[in-house]
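The chain contents come next:
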Amino acid sequence: MVSVLNLALLGVVLVVNTLIAAVMTRFFRIRLKTRTGAVIYALLLIPVVLFVTTMVFGSIIPGNLGVSVLLGLWIGMPLVLGFTIDVLYVPPPEEIELPDTT
């Protein structure tokens, strides 16, 4: 049976992983010149980082929900949410005006 503490920690991990995915997606969109390059790197590298954080948090939170549910909640959902937040709600890097450094 899942306790309230496990569900609260699951929510915290979901928020942290979503934040990591959104920041990494933004980083790839800023650093890479092509749109497809940013998408490819986001789909290949972000799940690896989320998997590492899942392993770290998995040692803290017992996996009473099952492996597929935890991987879906800790990797799949934050990846989709982070990518969506960055693409839909944050202005594109091309539209942001930076001050002159000279």
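See the structure above.
The present account deals with the structure reproduced in this document.

### So, the nonpolar core
Core analysis: the biggest nonpolar cluster contains nine residues, these being Ala21, Met24, Phe28, Ala38, Ala42, Ile46, Leu50, Ile75 and Leu79. Going through the elements one at a time, helix H1 (4-31), helix H2 (35-58) and helix H3 (67-89) are the ones with two or more residues in this core. With residues near it in sequence (within four places) discarded, Ile75 still touches Pro47, Leu50, Phe51, Thr54 and Leu70.

### Side note on the packing of H2 against H3
What describes two packed helices is the angle between their axes and the distance between those same axes. Viewed as axis vectors pointing N to C, H2 and H3 meet at an angle of 140°, and their least axial separation amounts to 9 Å. With respect to H3, the element H2 is oriented oblique. Between H2 and H3 lies a crossing of right-handed hand. Contacts between H2 and H3 involve Val39, Ala42, Leu43, Ile46, Pro47, Leu50, Phe51, Thr54, Phe57 and Gly58 from the first element and Leu71, Trp74, Ile75, Pro78, Leu79 and Phe83 from the second. Class assignment for the residues of the contact of H2 with H3 results in 14 nonpolar, two polar and no charged.

### Considering H2
Helix length check: H2, at 24 residues, gives a terminal C-alpha distance of 33 Å against a target of 34 Å (1.5 Å per residue), a fit within 8%. Bending of H2 peaks at approximately 30° at the position of Ala42. All of the buried residues along H2 are Gly37, Ala38, Ala42, Ile46, Leu50, Thr53 and Thr54. Where the residues of H2 are buried, they touch H1 and H3.

### Observations regarding the pattern of salt bridges
On inspection of all chains with the given rule, the structure shows two salt bridges. Notably, a salt bridge pairs Asp86 with Arg26, separated by 3.7 Å at the nearest N-O pair. With Asp86 in helix H3 and Arg26 in helix H1, this pair connects stretches of sequence that are 60 residues apart. For Arg26, a relative accessible area of 14% corresponds to the buried category. Put simply, Arg29 and Asp86 hold a salt bridge, and the shortest N to O gap is 3.1 Å.

Cut-offs and rules
- Residues numbered from 1 in each chain as written.
- Predicted model: local features only at pLDDT ≥ 70, side-chain atom pairs only at ≥ 80, totals over all residues.
- Heavy atoms only, no water.
- Core = buried A, V, L, I, M, F, W, Y, C linked by side-chain atoms within 4.5 Å.
- Buried < 20%, exposed > 50% of the residue type's maximum accessible area, 1.4 Å probe, protein only.
- Helix = DSSP H or I, 4+ residues; strand = E, 2+ residues; numbered from the N terminus.
- Contact = heavy atoms within 4.5 Å.
- Axes fitted to C-alpha atoms, helices over the stretch in contact; angles between N-to-C directions.
- Parallel < 35°, antiparallel > 145°, perpendicular 65-115°, else oblique.
- Left-handed = near helix turned anticlockwise from the far one by under 90°.
- Nonpolar A, V, L, I, M, F, W, Y, C, P; charged D, E, K, R; others polar.
- Expected span 1.5 Å × (residues − 1).
- Bend = angle between axes of the 7 residues up to and from the residue.
- Salt bridge = Lys/Arg side-chain N within 4 Å of Asp/Glu carboxyl O.

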